[in-house]
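Inside the fold
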Amino acid sequence: METYELEEQVYAALTADERLIELLANGAKSIYHYVAPSTLKYPAIVYSPISDVPALNGDNREVAHRVTIRIHVITSAQGTKVDQEKFREVCVRVKEIMTTLEFARRQTVPFINDGRAMFIYDFVKGV
């Protein structure tokens, strides 16, 4: 399976989760590939592959590889308590969805920038 196929699976799984879609500001339109617009409404999700590393070679060819997908869950740093609760629930849903796709969470990094608060997740899958 190639990286682009995994990206398609991630997008399909995220957009198929009804509860997640209800929590996002613009439903499925709040899920972005690589880059979010500057006029972002919160909460939102940005996903992208950050690495595709050979894991096993045999007979002069790659037999397996490890793909890391990074997901940013973004909200306003000045959000209300309700906004923060939505943000936390989005984070929980994202982790559950990625687990069902057989990704393992490698790390989570909290980050604040330009009035945006986010959790940055790295999920890894061997293929």
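Spatial strand order, β1-β2-β3-β5-β4: five strands in an open sheet with mixed pairing. Each edge of the open sheet carries a strand with a single partner, namely β1 (31-33) and β4 (104-113). Averaged over all pairs of adjacent strands, the angle between their axes in this sheet comes to 25°, without regard to strand direction. As judged from the nine bridges shared by β4 and strand β5 (residues 116-126), these two strands associate in the antiparallel manner. Paired with P110 across the two strands is F119, which belongs to β5. Lying on the sheet, helix α1 (residues 3-16) is in contact with β1, β2 (44-58), β3 (61-76) and β5; it crosses β2 at an angle near 145°. Packed onto the sheet, helix α3 (residues 81-100) meets β2, β3, β4 and β5 and runs at close to 170° relative to β3.

The step from Y42 to P43 runs through a cis peptide bond, and the omega angle for that step is -5°. One can find P43 in the loop between β1 and β2. In the Ramachandran plot, Y34 falls in the positive-phi region, its phi being about 75° despite a non-glycine side chain. The partly exposed category is assigned to Y34, whose relative accessible area is 47%. For N60, which is not a glycine, the phi torsion comes out positive at approximately 60°. Within the fold, N60 resides in the loop between β2 and β3. For N60, a relative accessible area of 88% translates into the label exposed.

So, how was this worked out
- Residues numbered from 1 in each chain as written.
- Predicted model: local features only at pLDDT ≥ 70, side-chain atom pairs only at ≥ 80, totals over all residues.
- Heavy atoms only, no water.
- Pairing = 2+ DSSP bridges.
- Helix = DSSP H or I, 4+ residues; strand = E, 2+ residues; numbered from the N terminus.
- Axes fitted to C-alpha atoms, helices over the stretch in contact; angles between N-to-C directions.
- Contact = heavy atoms within 4.5 Å.
- Buried < 20%, exposed > 50% of the residue type's maximum accessible area, 1.4 Å probe, protein only.

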